[in-house]
Amino acid sequence: MRSTDSLMASGATTARCAPGPAHDPPRVFLYADTRAGGRLGDAAVPYADMVAQLAGLAIAALERREDRSERERLEREIDVARRIQAGTFPSGYAVARGWEIAAESRPADSCGGDAFDVVPMRGDAVDDDGGEPDGYVLSIADATDHGVASALSSVQVRAMLRLGLRTGRPIVRIAEQVNAQLCRDLPDGRNVTAWCARLDAATGEVHAVSAGQGPILVYRRAADAFEVHGADQPPLGVVPGPYDDAESRRFRREAGDLLVALTDGYFEAPAADGGARFGDARVMEAVRGARAGTAHEVLEALKRAVESFTGGAPLEDDRTALVVRRVPGARRARASVRVADVCDGGRVDPGAHVEQLADRRAADAAVGAQHGGLAVVAPARHALVHIAPPHAGIGGAQ
């Protein structure tokens, strides 16, 4: 009987309405009737109930199958989004003499709202040749919330920053234009905090602009003290308007100094008992404790400290870290790229080290002319890249 048919019009004289057991509230009913006249006997009631229950179970099984197919389809799409986002993280790049860079982004969900980037530069141009750069543009970004929607925002910011760099404009003007576009694109209640800096590898000069991202920490080795840099502008996508270059920040990095840029997934990580947050002081303590190590060792110390503090609980928010160290007494000899996770397609094992001579000709002979002597790999869910410049013992203090 169709749902639009009248029960009385069907000729039924009596009916039994038995709810199926597979739904709460019930959505499955069985109508049992007799058309030969008389009433449905009491003996038929248990049978009607049993048929209703079986029908309910069968319908529920069909719905679960449909739900599973839909869930698998969504998981495939999310996996594609995750791979696209992971592919935007830098996976290998030439090393400027006397510098170390370590970075990692860990999403709280399948896709994260955080991002980081390291762009080798020569003068005012992006260095696409794979040679030794004379500086970098460094950035981290944190979109509202986490998940696919946030990942779209963070990838958008990264793409616009990269495109802006190719115009040769200063980072303050690029950040200003990115903000103007996000103010038009993002819905109310959503924004992106971001920090972007131009590093001159020869002088150690840094020019940085922060849109709601902070604190940014600079550890001064000579003074054994931290500088804490706050935001210069509101988060991207909140208020359109001109950025004043005088409000941006300029400072110089000396030998042994560390620059640490973290998203709030570190600072706001909750204690195992759900009480205190990790906070600025614990971040500084972890950095100071590892100050004699490489940038990668400082990052690992931060990770161990926050994992211990949270008791290894699942991430409540994405965690992204960028650690930059100016190495005392560095010599140019070789570079090392460390990829901490299994790379896409299993081309690199977990924790694998790929080392090539920094000299272009030797690198070409060793690895087949791969992008200026550096292996280029695509990180999977977690993107961790360790760039270590040549000095006695990778990870040792100078």
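Residues numbered from 1 in each chain as written. Predicted model: local features only at pLDDT ≥ 70, side-chain atom pairs only at ≥ 80, totals over all residues. Heavy atoms only, no water.

A. Structural context of helix α3 (residues 171-185). Under the 1.5 Å per step criterion, the end-to-end length of α3 is 21 Å for 15 residues, consistent within 8% with the ideal 21 Å. What α3 keeps buried is the set I171, V172, I174, A175, E176, V178, N179 and L182. At its buried positions, α3 is contacted by α2 (148-165), β7 (192-200) and β8 (205-211). (Helix = DSSP H or I, 4+ residues; strand = E, 2+ residues; numbered from the N terminus. Expected span 1.5 Å × (residues − 1). Buried < 20%, exposed > 50% of the residue type's maximum accessible area, 1.4 Å probe, protein only. Contact = heavy atoms within 4.5 Å.)

B. Main features of the packing of aromatic side chains. Following the criterion strictly, the structure yields 2 aromatic pairs and no others. Measuring from centroid to centroid gives 5.2 Å for Y219 and F226, while their planes differ by 55 degrees, and the two rings are tilted. Neither Y219 nor F226 differs from the other in exposure class; each is buried. Where F278 meets F309, the ring centres are 5.4 Å apart and the plane angle is 65 degrees; that geometry is what we call edge-to-face. (Phe/Tyr/Trp six-rings, centres within 6.5 Å; stacked < 30°, edge-to-face > 60°.)

C. Up close: a positive patch on the surface. Where like charges cluster on the molecular surface, the positive patch consists of R64, R65, R68 and R71. Locating R64 in the fold gives a position in helix α1 (residues 45-88). The exposure class assigned to R64 is exposed, which follows from its relative accessible area of 51%. (Patch = residues over 30% accessible without salt bridge, like charges linked within 9 Å, V, L, I, M, F, W, Y side chains within 5 Å. Areas by Shrake-Rupley, 256 points an atom, 1.4 Å probe, with all protein chains shown as cover. Salt bridge = Lys/Arg side-chain N within 4 Å of Asp/Glu carboxyl O. Lys, Arg positive; Asp, Glu negative; His and termini not counted. Charge placed at Lys NZ, Arg CZ, Asp CG, Glu CD.)

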